[in-house]
Amino acid sequence: MNGTGTNSTANTANTANTAKAQYSVIVVGAGPAGLLLAGDLAAAGVSVTLLERRPHKTSNLSRAFVLHARTLEQLDARGLADGLESAGRPLDRIRLFTHLTVELDTLPSRFNHLLVIPQYEVEEVLRRRAVEAGVDFRYETEMAGLKQDADGVTLQVRGPGGEAQELRAAYVVGTDGMRSAVRDEIGLPFPGRSVIRSVVLADVRLAEEPESLLTVNTVGDAFAFLAPFGDGYYRVIAWNRARNVSDTEPLDLEEVKEVTRLALGTDFGMNDARWMSRFHSDERQAPAYRVGRVFLAGDAAHVHTPAGGQGMNTGLQDAANLSWKLAAVVRGHADTALLDTYQAERHPVGRSVLRSSGGLVRLAMAKRPWTLAARRVLTMFLNTVTPARRKVAAQITGIGYGYAAPRGAHRLAGTRVPDVALRGGRLYEALRGGRFVLITPEAYEDGGARKDRLAGERWASDRRTTVLVRPDGYVAWAADSADAATIEGALTAHVG
Ligand SMILES: Cc1cc2nc3c(=O)[nH]c(=O)nc-3n(C[C@H](O)[C@H](O)[C@H](O)COP(=O)(O)OP(=O)(O)OC[C@H]3O[C@@H](n4cnc5c(N)ncnc54)[C@H](O)[C@@H]3O)c2cc1C
């Protein structure tokens, strides 16, 4: 176990174990996943503290720079997408390999594109929302130890001056990144391996503007990728497979230029690097996303290669899946069994993202005859078969994922609901407020007892299906025709 480990701390922890929880939920780590989750919980009226070991300052250094369609839909359901859309740059296609481009403009989503936007801008929007919702932020506060018992979780934390303190919560979520101390504390391994080593990254200005918005190419051992942030800077990611050095090896701009020239034929006159980093990329996934009262989300639960730009997006989807469940349980509207569905639903998605992003990297960097042949066949297949290309687009953008439904459930159960038109507006507006949305063909009166967690809507069209949409935009329950008693039964089962 990390942390203070002194006898006196251990004794206080024992006393605290019997104490009542000070907080309903403590979230550890104010990256994108933690910010979204804490904001959702606070918006649902749950008392939540967010611990972050860094000081509070807005950085202009960004790791991720892409928001995908499903994440934009989730942000739309929180009233945050339009602002981000006006700040970022939409792109209607993703180039995967030299001869393979996947179009996004046919995606069945209001967001039929990807949005190039730096991670720090996304974090800032989520942070502001979390502050407004009432999240108790604790910066310069590091989680240093954790013990759980039947009634709650006791955290040892080190505050701004290094002072030790204990906090107690009913539930804890570790959104503390790939080196998650929370994951270590609950005894979970992080199996997997390093896939690519010594990748270099630089945020630079360019003397010459590239022809396309995203530029990517591979030549021999060299790979380079360029994307604009929109503030005059470009993100360069470059990799020379022949140069395999440790992450701590010093990096200068000349090295980034050299690999870029090898892969793209020019370095576009890059200059004025505001950030450079050498990193390696791992593929790892925790075997469980929950142990008792402690959950993992985001990079703490899974990491994969940056190919396809799915890391931050997958973490935000984890947070959106967990937040309403945790809020429902904490507020006493759902049985704790609902929390098991977080692992059941999100672990398979994490595994699938690991596979697809790893597959993309391996194919992009194919060198051996059989991998080159596989890439040629796949490229030819996807270029010819439009439905297959659309499936790839749906997977990368997250809109292709749904969740398993119980045996005998309606065919729509577990599927993602698009932004359908309703008499009162559109679905993703109705989802604002973190409530379930019941969509019926005729007016249905619920009596108002569930008003804080259920919104009633009618189809704008003459559709006859009755659909109960979860707060995260997936179908909880549906029926082709339903009387009032059937609807009441479904509401009791799902909304509580
Ligand atoms: C070069 C690169 C490019 C990438 N590009 C993309 C992309 O285009 N699209 C995409 O979706 N993803 C991308 N990613 C991945 C993305 O950056 C991560 O998936 C994302 O930041 C994970 O978010 P998170 O909230 O899970 O964790 P993090 O962002 O890692 O946040 C974890 C937070 O926890 C804090 N913390 C850690 N330990 C403790 C502790 N003990 N106590 C308190 N606080 C703690 C940390 O200070 C940190 O603020 C990229 C990554 C890299 C490296």
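To be clear, the structure that these remarks concern was listed above.
Summarised in this report is the structure supplied together with it. Because the structure is a prediction, the values reported are computed rather than measured. (Residues numbered from 1 in each chain as written. Predicted model: local features only at pLDDT ≥ 70, side-chain atom pairs only at ≥ 80, totals over all residues. Heavy atoms only, no water.)

### Here's the deal with the overall build of the chain
If you tally the helices and strands in the chain, you get 13 helices and 25 strands. The C-alpha atoms of the chain give 24 Å as radius of gyration, which agrees with the globular expectation for 496 residues (23 Å, within 12%). Residue burial in the chain is summarised as follows: out of 496 residues, 55% are buried. At a minimum sequence separation of 6, the contacts of the chain that also span at least 24 residues come to 69%. By element, 52% of the accessible surface of the chain is carried by carbon and sulfur atoms, the whole surface being about 21000 Å². Distance between charge centres in the chain, computed from 60 positive and 56 negative side chains, equals 4 Å. (Helix = DSSP H or I, 4+ residues; strand = E, 2+ residues; numbered from the N terminus. Rg over C-alpha atoms; globule rule 2.2 N^0.38 Å. Buried < 20%, exposed > 50% of the residue type's maximum accessible area, 1.4 Å probe, protein only. Contact = heavy atoms within 4.5 Å. Areas by Shrake-Rupley, 256 points an atom, 1.4 Å probe, with all protein chains shown as cover. Lys, Arg positive; Asp, Glu negative; His and termini not counted. Charge placed at Lys NZ, Arg CZ, Asp CG, Glu CD.)

### As for the sheet that holds strand S24 (residues 466-469)
Pairing is mixed across the open sheet formed by four strands, whose spatial order is S23-S22-S24-S25. The open sheet has two edge strands with one neighbour each: strand S23 (454-458) and strand S25 (475-479). Between one strand axis and the next, the sheet turns through 15° on average, direction left out of account. Each of strand S22 (436-440), S23, S24 and S25 is contacted by helix H13 (residues 484-494), which is oriented at about 165° to S25, the strand it contacts most. (Pairing = 2+ DSSP bridges. Axes fitted to C-alpha atoms, helices over the stretch in contact; angles between N-to-C directions.)

### Here we look at the sheet that holds strand S7 (residues 114-116)
Spatially, the three strands line up as an open sheet ordered S3-S7-S4, and their pairing is antiparallel. The sheet is open, and its two edges are formed by strand S3 (66-67) and strand S4 (89-91), each paired on a single side. Across two bridges, the pairing between S3 and S7 is antiparallel. For Leu 67, the partnering residue across the bridge sits in S7 and is Leu 115.

### Regarding unusual backbone geometry
One non-glycine residue, Glu 140, adopts positive backbone phi at about 50°. Residue Phe 268 is not a glycine yet carries a positive backbone phi of 55°. Mapping Phe 268 onto the fold places it in the loop between helix H7 (253-264) and strand S16 (271-285).

### Digging into the nonpolar core
One finds Leu 67 and Leu 155 to be the most contacted residues of the largest nonpolar core, which totals 108 residues. In terms of residues, this core owes the most to one element, helix H8 (residues 311-330), which gives eight residues. Here Leu 155 is in contact with Ile 26, Val 28, Leu 51, Met 143, Gly 145, Leu 146, Gln 165, Glu 166, Leu 167 and Val 172, once residues within four sequence places are set aside. Ranked by size, the runner-up nonpolar core spans 18 residues in total, among them Ala 222, Leu 226, Tyr 234 and Leu 253. (Core = buried A, V, L, I, M, F, W, Y, C linked by side-chain atoms within 4.5 Å.)

### A look at the pairing of strand S15 (residues 234-240)
When a strand is regular, its side chains alternate between the sheet's two faces. In terms of burial, S15 is largely enclosed, as seven of its seven residues are buried. Going residue by residue along S15, you find Tyr 234, Val 236, Ala 238 and Asn 240 tucked away on one face and Arg 235, Ile 237 and Trp 239 tucked away on the opposite face as well. Pairing of strand S12 (residues 192-205) with S15 involves six bridges; the strand directions are antiparallel. Note that in S15 the partner of Val 199 across the bridge is Trp 239. Alignment of strand S14 (residues 222-228) against S15, held across seven bridges, turns out to be antiparallel. Opposite Leu 226, over in S15, you have Val 236 as the bridge partner. Where S14 folds back onto S15 in an antiparallel hairpin, the turn is made up of five residues, including Gly 230, whose phi is positive at roughly 95°.

### Re the packing of aromatic side chains
Two aromatic rings, taken as a pair, are described by how far apart their centres are and by the angle between their planes. Following the criterion strictly, the structure yields eight aromatic pairs and no others. On the basis of an interplanar angle of 35° and a centroid distance of 5.6 Å, the ring pair of Phe 65 and Phe 225 is categorised as tilted. Of this pair, Phe 65 sits in the loop between strand S2 (48-51) and S3 while Phe 225 sits in strand S14, and the two are 160 residues apart along the sequence. Using a relative accessible area of 11% as the deciding quantity, one classes Phe 65 as buried. Residue classification places Phe 225 among the buried positions, given a relative accessible area of 15%. The rings of Tyr 171, Tyr 289, Phe 295 and Tyr 342 are connected pair by pair, giving a single aromatic cluster. The cationic tip of Arg 274 hangs over the ring face of Tyr 233; the distance from NZ or CZ to the ring centre is 4.1 Å. If you follow Arg 293 out to its NZ or CZ, it ends over the ring of Tyr 171, 5.0 Å from the centre. (Phe/Tyr/Trp six-rings, centres within 6.5 Å; stacked < 30°, edge-to-face > 60°. Lys NZ or Arg CZ within 6 Å of the ring centre and 35° of its normal.)

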